[in-house]
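As a plain string of letters, each chain reads:
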Amino acid sequence: MSADDSSARDSQRAKVYAAEEFVRTLFDRAAEHGSTSVEFFGTQLTRPPEARFGSLAAVQRYVDDVLALPAVRREWPSVEPLTVRARRASSAAHYENRDGAGVMAVPDLATADWAMRELVVLHEIAHHLCDASPPHGSRYVVTLCRLAELVMGPEAGHVLRVVYAKEGVR
């Protein structure tokens, strides 16, 4: 979605970001303790491994690999390539569609290691797969949950769905 195409108010944006921050923190805390599982609302779930990236080139390879996965191609058969570029500002990653070409801007490892992780990159890939308006609306949320499920495993999709619901994301 381009900056010029923001006709619908993105009212869920803050809730989506809060939910995803909760999930990243949940996974980080389990990893800090060397745990391969997380206790999630009273249930033990296997913590999915989460890729971390050391360079923008590694992010680009990952994006290319995700978009080439047979399960992703079945779900989104007409998906176009997605280019990764550096973002100067370290406070956010973002997706933009420039005349039909998808571009993901990610701060590099030197400025923002928080962005060089799989959940953040999947968030931006989901924007590429779902050009709905508003950008963090219900169609987007379904897309990200499905993508996380296909790429990281059913636990990741489940945790995102539950936390989104807890945060009031529709």
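The preceding data block contains the structure.
Throughout, residues of each chain are indexed from 1 in the direction in which the sequence is written. Residue-level local features of this predicted model are given only where pLDDT is at least 70; pairs of side-chain atoms are given and counted only at 80 or more, and the full residue set underlies all totals for whole chains, interfaces and linings. Side-chain calculation: all heavy atoms of the structure are included, whereas hydrogens and water are not.

Here we come to the pattern of salt bridges. Definition used for salt bridges: Asp or Glu carboxyl oxygen within 4 Å of a side-chain nitrogen of Lys or Arg. Across all of its chains, the model carries nine salt bridges by this definition. Close ionic contact of Glu-96 with Arg-98 constitutes a salt bridge, the shortest N to O distance being 2.4 Å. A salt bridge links Arg-146 to Glu-149; the nearest nitrogen and oxygen atoms lie 2.5 Å apart. A residue pair is termed a helical-turn pair when its members lie 3 or 4 positions apart in one helix, as Arg-146 and Glu-149 do in helix H5 (residues 138-152) at three residues. Burial status follows relative accessibility: with a 1.4 Å probe on protein chains alone, a residue under 20% of its type maximum counts as buried, one over 50% as exposed, and anything between as partly exposed. Residue classification places Glu-149 among the partly exposed residues on the basis of a relative accessible area of 23%. Helix and strand definitions here come from DSSP, where helices need a minimum of 4 consecutive H or I residues and strands a minimum of 2 consecutive E residues; each element is numbered from the N-terminal end.

This brings us to the sheet that holds strand E4 (residues 94-98). Judged by pairing direction, the sheet is mixed, and its three strands sit side by side in the order E3-E5-E4 without closing on themselves. Edge positions in the sheet fall to strand E3 (82-86) and E4, since each has one partner strand and no second. The sheet shows a mean angle of 30° between the axes of neighbouring strands, direction not considered. Note on contacts: a residue pair qualifies if any of its non-hydrogen atoms lie within 4.5 Å across the two residues. Note on geometry: axes are lines fitted to C-alpha atoms, helical ones only across the stretch in contact, with angles between N-to-C directions running from 0 to 180 degrees. Sheet contacts for helix H2 (residues 56-68): E3 and strand E5 (101-106); angle to E3, the most-contacted strand, approximately 165°. Paired strands, in this sense, are two strands between which DSSP finds at least two bridges.

Before going further, it helps to examine helix H4 (residues 118-129). The span you would expect from a helix comes to 1.5 Å times its residue count less one. Over its twelve residues, H4 extends 16 Å from the first C-alpha to the last, a length consistent with the 16 Å expected when each residue adds 1.5 Å. In terms of burial, H4 is largely enclosed, as twelve of its twelve residues are buried. By the burial criterion, the buried members of H4 are Glu-118, Leu-119, Val-120, Val-121, Leu-122, His-123, Glu-124, Ile-125, Ala-126, His-127, His-128 and Leu-129. Structurally, H4 contributes buried residues whose contacts are with helix H1 (13-32), H2, E3, E4, E5 and H5.

Attention now goes to the environment of Arg-73. With respect to the helices and strands, the residue Arg-73 is situated in helix H3 (residues 70-75). Take Arg-73: its relative accessible area is 33%, and that puts it in the partly exposed class. Look past the residues within four positions of Arg-73 in its chain and what remains in contact with it is Leu-67, Ala-68 and Val-79.

What follows deals with the state of the cysteines. Disulfide assignment relies on a single distance test, namely cysteine sulfur atoms paired within 2.5 Å. For the structure shown, the criterion picks out zero disulfides. Lacking any disulfide linkage, Cys-130 is separated from the closest cysteine sulfur, that of Cys-145, by 12 Å.

Now for the pairing of E4. For E4 and E5, the ladder comprises five bridges, and the chain directions are antiparallel. Within E5, the residue paired with His-94 across the bridge is Ala-105. Here E4 folds back onto E5, and the loop between the two strands holds two residues, one of which, Asp-99, carries a positive phi near 50°.

As a further point, take the nonpolar core. Note on terminology: a nonpolar core comprises buried Ala, Val, Leu, Ile, Met, Phe, Trp, Tyr and Cys residues joined through side-chain atoms within 4.5 Å. Of all hydrophobic cores here, the largest spans 49 residues; its most connected members are Val-59, Val-63, Met-104, Val-121, Ile-125, Leu-147 and Tyr-164. Residue assignment for this core shows that the elements contributing at least two residues are H1, strand E1 (37-40), H2, E3, E5, H4, H5 and helix H6 (154-166). Apart from residues no more than four positions distant in its own chain, Met-104 is found in contact with Val-59, Val-63, Leu-82, Thr-83, Val-84, Arg-85, His-94, Val-121, Glu-124 and Ile-125.

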